[in-house]
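Reading the structure
Residue-level listing of the chains:
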Amino acid sequence: MVFKVSIIIPTYNREDYLRKTIDSVINQTIGFDNIELIIVDDASTDNTQLIIKEYKKKYSNIKTKYLNENTGFPGKPRNVGMSLATSEYIMFLDSDDYFEKDACEVLYEKISSENADIVFGTYTIHKMDRIIDGTPECFRRKGTLIFNPKDDEFLKVIELVSTKLSINIYNKKLIDKYNIKYLEGIPTQDGPFFIECLLNSNSIIYLTDFNVYNYISHDYSITASRDVTYFKGLFKAENYAFNIFKNKNREEDYKYYLKRRINFFMNQLLSSNIEEENDLKEVLNLFKNFFNKVDSYSISPTDDLSKLTFNIIKNNEFDNFDYLTNVHLKVKRVWNHNEVLKLKNSNIKEKDKKTRAKNLELVEKNADLRKKYWKLREKNLELVEKNADLRKKYWK
């Protein structure tokens, strides 16, 4: 059977979220019979595989693959999924997020009718019961934007648009032509994949007003263990991304990608759980070597704490790092506390809004009752007058 789109879901120990994710694909307005759903499990140890098998029994258009060993990151499962895909167009979805109902229909219609290489929309972040618009502010409510990688305007896409894969639909011909694959066994492989697709494409369409999917932000994540191995993988991915720009003779444009990454690097480092002094020095040297490599771009973090960390690394002042991590922890606690207060304040405002609306409703009802009351009084006066006339006639 010919499917309109192949959707790839890599998963690992997501028994609490997977059903909602799969159901969001099944309920697509494009029709589930037009979708090839490919689920690749990365050796889950909970009930994830049982859930997958349950859905597989019900639907013939679900393909499944179970890896024998956990690879640690989604790169290999996504590559396996791409090797199984038969549709002209490919989409990705993480196993704890979910699509909007018309995500596939809107993206498919646009990419197929415009013969584009990539079409992407926006996404919504769900964090601590807050709903956040994931669209960069400069792109909000701009309608449909069409980019060519050779245009200067395209650099804003590199700098500002999220590399989250679930907002995109890809033309499989693009991926096959340039043999684009995910780096395996390392974190942040989605960035290099997205950049390699962008720089090799001819036509990119951005639907700034269309929400594709919902990103669920958890207190934990796949990147929770930030050890030496994690950071080695992080810079392997970043060096790979740098070389993509270099090989396309666009080395100068890497700075736009680095702008969005630099604060992320600092945050990851300050949130690390490295205790051994030698391990910490090894990681700090990884950072220093990378920053020396990209020093010509004159890029630095935007927030004060990250700037301090950046300078400490560049100046070999490693002894001050423990102090900064403690400050970062306190800042994070304050930030989380502020987020909770913001949420409470938002809830209070919402309740106040509802109370005001209810009060207006009661005022309107009261006004209606008062009108009815005066009408009844007028009617009563009429009846009193009529009664008086009747009494006069009676006595006559």
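Structural data are supplied above this passage.
From a predicted model like this one, the values you see are computed outputs, not experimental measurements.

**Observations concerning the packing of helix α10 (residues 277-293) against helix α11 (residues 304-314)**
A pair of packed helices is characterised by two quantities: the angle between their axes and the separation of those axes. It is at 9 Å that the axes of α10 and α11 come closest, and there the two elements cross at 90 degrees. Relative to α11, the element α10 is oriented roughly perpendicular. In this structure, α10 uses Leu 284, Phe 287, Lys 288 and Phe 291 to contact α11, whose residues at the interface are Phe 310, Ile 313 and Lys 314.

**So, the packing of aromatic side chains**
Pairs of aromatic rings are described using the distance from one ring centre to the other and the angle between the two planes. Enumeration over the complete set of coordinates arrives at 28 aromatic pairs. When the centroid spacing of 5.2 Å and the interplanar angle of 80 degrees are considered together, the rings of Tyr 230 and Phe 231 count as edge-to-face. Site record: aromatic cluster; members linked through ring pairs are Tyr 230, Phe 231, Phe 235, Phe 264, Phe 265, Phe 287, Phe 290, Phe 291 and Phe 310. The ring of Tyr 66 carries Lys 53 above its face, with NZ or CZ at 5.4 Å from the centroid.

**Observations concerning the environment of Asn 359**
The topology assignment puts Asn 359 in helix α12 (residues 321-395). In this structure, the C-alpha to C-alpha distance between Asn 359 and Lys 101, residues 258 residues apart in sequence, is 36 Å.

**Some remarks on the pairing of strand β10 (residues 204-216)**
The element β10 is extensively covered by neighbouring structure, given that eleven of its 13 residues are classed as buried. Looking at chain direction, strand β5 (residues 98-99) and β10 are connected through two bridges and run antiparallel. Along β10, the bridge assignment pairs Phe 99 with Tyr 213. Bridging between strand β8 (residues 144-147) and β10 involves four bridges; their strand directions are antiparallel. Directly across from Leu 145, in β10, lies its bridge partner Tyr 206.

**Some points on the nonpolar core**
Counting residues in hydrophobic clusters, the biggest one holds 99 residues, and the most contacted among them are Ile 7, Phe 193 and Phe 287. In terms of residue count, the dominant contributor to this core is helix α8 (residues 228-247) (nine residues).

**Here we look at helix α9 (residues 254-270)**
For α9, spanning 17 residues, the distance from its first C-alpha to its last is 24 Å, which sits close to the expected 24 Å at 1.5 Å a residue. At Arg 260, α9 is bent by approximately 35 degrees, the largest bend along its length. Those residues of α9 lying buried are Tyr 254, Tyr 256, Tyr 257, Leu 258, Arg 261, Ile 262, Phe 265, Met 266, Gln 268, Leu 269 and Leu 270.

**Side note on the packing of helix α7 (residues 190-200) against α8**
Interhelical geometry of α7 versus α8 gives an angle of 5 degrees and a closest axis separation of 9 Å. With respect to their mutual orientation, α7 and α8 come out roughly parallel. Judged by residue contacts, Pro 192, Ile 195, Glu 196 and Leu 199 of α7 engage Ala 237, Tyr 240, Ala 241, Ile 244 and Phe 245 from α8. Split into classes, the residues belonging to the contact of α7 with α8 amount to eight nonpolar, no polar and one charged.

**Thoughts on the environment of Ser 83**
When you line up the elements, Ser 83 lands in helix α3 (residues 75-84). The class for Ser 83 is exposed, based on a relative accessible area of 58%. Along the backbone, Ser 83 and Ile 244 are 161 residues apart, and their C-alpha atoms lie at a distance of 22 Å.

**Re the pairing of strand β4 (residues 89-92)**
Here β4 shows a buried face lined by Tyr 89 and Met 91 and a second buried face lined by Ile 90 and Phe 92. Here three bridges tie β4 to strand β9 (residues 168-171), and the two strands are oriented antiparallel to one another. Bridging across to β9, Met 91 finds its partner in Ile 169.

About the cut-offs
Residues numbered from 1 in each chain as written. Predicted model: local features only at pLDDT ≥ 70, side-chain atom pairs only at ≥ 80, totals over all residues. Heavy atoms only, no water. Axes fitted to C-alpha atoms, helices over the stretch in contact; angles between N-to-C directions. Helix = DSSP H or I, 4+ residues; strand = E, 2+ residues; numbered from the N terminus. Parallel < 35°, antiparallel > 145°, perpendicular 65-115°, else oblique. Contact = heavy atoms within 4.5 Å. Phe/Tyr/Trp six-rings, centres within 6.5 Å; stacked < 30°, edge-to-face > 60°. Lys NZ or Arg CZ within 6 Å of the ring centre and 35° of its normal. Buried < 20%, exposed > 50% of the residue type's maximum accessible area, 1.4 Å probe, protein only. Pairing = 2+ DSSP bridges. Core = buried A, V, L, I, M, F, W, Y, C linked by side-chain atoms within 4.5 Å. Expected span 1.5 Å × (residues − 1). Bend = angle between axes of the 7 residues up to and from the residue. Nonpolar A, V, L, I, M, F, W, Y, C, P; charged D, E, K, R; others polar.

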